[in-house]
Amino acid sequence: MALNTSPEAPIPVGQVSRLIGGWIDRLGAVWVEGQITQLSRRPGAGVVFLTLRDPSHDISLSVTCYRSVFDQIADVVSEGARVVVHAKPEWYAPRGSLSLRATEIKPVGVGELLARLEQLKKSLAAEGLFAAERKRPLPFLPQLIGLVCGRASAAERDVLENARHRWPAVRFEVRNVPVQGVHAVPGVVAAIEELDAAPDVDVIIVARGGGSVEDLLPFSDEQLVRTVAGCRTPLVSAIGHEPDSPLLDLVADLRASTPTDAAKRVVPDVGEELTRVGQLRERALRCVTAHLDREERGLAAARARPCMERPQRMVDEREQQISALAERGRRTLGHLLDRADSELAHTRARVVALSPAATLRRGYAVLQHADGSVVRDAGEVTPEEELRARVAEGEFTVRAVAAPPAVTPPA
């Protein structure tokens, strides 16, 4: 429970330390896994001091044990080894420090490590971190390559030399970090995050030479795998040799069998590209030449056609056709006019023959009453009635007289 303290009524440091120690003494023993980073066995001392570190995080705890406990595994355990410790938390009041008092230490065997890696692999695969659709394509010609590797390592030399041999103008941003041991995971993670944040880096290569399963364990660390899965920059894994397969190979966008293979996969060969460019230029030249030849032959064939050799021939032919049609039109129109003239003459002759004027010219006359009506019957005329007689060459007035009695011829 919290103590009732105040600036006026503080408690001594010793009491605080004893209270913390009393609370820690009530904690039970636990099994702890970690990596030994420091080991101190003083000659003649009955206690062994070591530091146990979490490989995935920058956290360490001091561990003490009796020499008899450590002697049981002294032949198989050294600095850098992974162990499982059964220990109880202890509080050293005079110094105010926490440590673990180990009663049993077990080394973690290779088989157990591989089993744990397999379990982690299945867990991460279930999350989709190894899915093929997450893989990003590498750029054809990266301008700046980020390289994460050990300092002055063979892997660094292989990548740089092979890449520059293939493409001399390629540039590298190198981050030298520990590639094994307790500081490997945080160092590699920090380098990847730094290169991924750089806008000019086009691709990242994580390279390391071969080694034992324990040496390559940092590249199967969960924190490192998740960091690579979250990168926006394509990443190439070049860890160990062909048989080695850390989890980094599965989450990376491309897995190279060796650092040398990584350089070949990331950087194109300038000689091969020049040859390919030359071949493409020759192919393009052949295509253009063949196209020009084909069009030239087509143009020659078009020019050889009669209508192209004598363009006026078409005009001449059309002129003859127009002349023939015009002549035919004139003949047809002449025939139509002649026929119409003949028909008109015949019609005029019939009209003239049937006209009253022609009848009058033959000696006939037309008698009309004073009102202009024509006399058609003798009974219409009264004696002494003046009638108007119309002849071919004029008209005159006549007077009607009674007709003499009819004379009956003798029998």
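See the structure printed just above.
Presented here is an overview of the structure given in this document. (Residues numbered from 1 in each chain as written. Predicted model: local features only at pLDDT ≥ 70, side-chain atom pairs only at ≥ 80, totals over all residues. Heavy atoms only, no water.)

This part is about the packing of aromatic side chains. Under the criterion given, the structure shown has 0 aromatic pairs. Here Arg101 stacks its cationic end above the ring of Tyr66, 5.0 Å away from the centre of that ring. (Phe/Tyr/Trp six-rings, centres within 6.5 Å; stacked < 30°, edge-to-face > 60°. Lys NZ or Arg CZ within 6 Å of the ring centre and 35° of its normal.)

Turning our attention to the pattern of salt bridges. For the coordinates displayed, the defined rule picks out 15 salt bridges. Between Glu90 and Arg101 there is a salt bridge whose closest N-O contact spans 3.4 Å. Of this pair, Glu90 sits in strand 4 (residues 82-92) while Arg101 sits in strand 5 (residues 97-107), and the two are 11 residues apart along the sequence. Glu90 gets classed as partly exposed once you look at its relative accessible area, which sits at 30%. For Arg388, the salt bridge goes to Glu395, with nearest N and O atoms at 3.9 Å. On the basis of relative accessibility, which here comes to 32%, the residue Arg388 falls in the partly exposed class. Residue class for Glu395 comes out partly exposed when judged on its relative accessible area of 49%. (Salt bridge = Lys/Arg side-chain N within 4 Å of Asp/Glu carboxyl O. Helix = DSSP H or I, 4+ residues; strand = E, 2+ residues; numbered from the N terminus. Buried < 20%, exposed > 50% of the residue type's maximum accessible area, 1.4 Å probe, protein only.)

Another aspect to go through is the pairing of strand 6 (residues 144-149). By the criterion of burial, strand 6 is predominantly enclosed, with 6 of the 6 residues buried. Across the two faces of strand 6 the burial is the same, with Leu144, Gly146 and Val148 and Ile145, Leu147 and Cys149 all buried. For the crossover from strand 6 across helix 4 (residues 154-166) to strand 7 (residues 171-176), the handedness is right-handed. In the sheet, strand 6 pairs with strand 8 (residues 203-208) via 4 bridges, with the strands oriented parallel. The residue bridging Gly146 from the neighbouring strand is Ile204, located in strand 8. (Right-handed = clockwise from strand over helix to strand, strands pointing away. Pairing = 2+ DSSP bridges.)

Another point: the packing of helix 4 against helix 8 (residues 259-266). Relative orientation of the contacting elements helix 4 and helix 8 amounts to 30°, with a least axis distance of 8 Å. With respect to their mutual orientation, helix 4 and helix 8 come out roughly parallel. Considering only the axes of helix 4 and helix 8, their crossing is right-handed. Contacts between helix 4 and helix 8 involve Ala155, Asp158, Val159, Asn162, Ala163 and Arg166 on the former and, on the latter, Pro259, Thr260, Ala263 and Lys264. Each residue belonging to the contact of helix 4 with helix 8 can be placed in one class, and the counts come to 5 nonpolar, 2 polar and 3 charged. (Axes fitted to C-alpha atoms, helices over the stretch in contact; angles between N-to-C directions. Parallel < 35°, antiparallel > 145°, perpendicular 65-115°, else oblique. Left-handed = near helix turned anticlockwise from the far one by under 90°. Contact = heavy atoms within 4.5 Å. Nonpolar A, V, L, I, M, F, W, Y, C, P; charged D, E, K, R; others polar.)

Spatial strand order, 1-2-3-5-4: 5 strands in a closed barrel with mixed pairing. Averaged over all pairs of adjacent strands, the angle between their axes in this sheet comes to 55°, without regard to strand direction. Note: strand 2 (residues 47-53) against strand 3 (residues 60-66), 7 bridges, orientation antiparallel. Among the inter-strand pairings, Leu52 is bridged to a residue of strand 3, identified as Leu61. Sheet strands in contact with helix 1 (residues 13-25) are strand 4 and strand 5, and its direction is about 140° off that of strand 4.

Right, let's get into the nonpolar core. If you look at the biggest cluster of nonpolar residues, it comprises 30 residues, and the most contacted ones within it are Val148, Val188, Ile192, Val206, Phe219, Leu235 and Leu248. Sorting the residues of this core by element identifies helix 3 (110-126), strand 6, helix 5 (184-197), strand 8, helix 6 (222-229), strand 9 (235-239) and helix 7 (247-251) as the ones contributing at least two each. It is helix 5 that contributes the most residues to this core, 6 residues altogether. When near neighbours in sequence (up to four residues on either side) are disregarded, Val188 contacts Val148, Val177, Pro178, Val206, Phe219 and Leu224. (Core = buried A, V, L, I, M, F, W, Y, C linked by side-chain atoms within 4.5 Å.)

On the surface, Leu333, Leu336 and Leu337 cluster together into a nonpolar patch covering about 300 Å² of accessible area. Secondary-structure assignment places Leu333 in helix 11 (residues 312-354). (Patch = residues over 30% accessible without salt bridge, like charges linked within 9 Å, V, L, I, M, F, W, Y side chains within 5 Å. Areas by Shrake-Rupley, 256 points an atom, 1.4 Å probe, with all protein chains shown as cover.)

Right, let's get into the sheet that holds strand 11 (residues 366-368). Strand order across the open sheet formed by 3 strands is 11-12-13, with antiparallel pairing between neighbours. Strands at the two margins of the open sheet, each flanked by one partner only, are strand 11 and strand 13 (394-399). Each adjacent strand pair in this sheet contributes to an overall mean axis angle of 30°, direction not counted.

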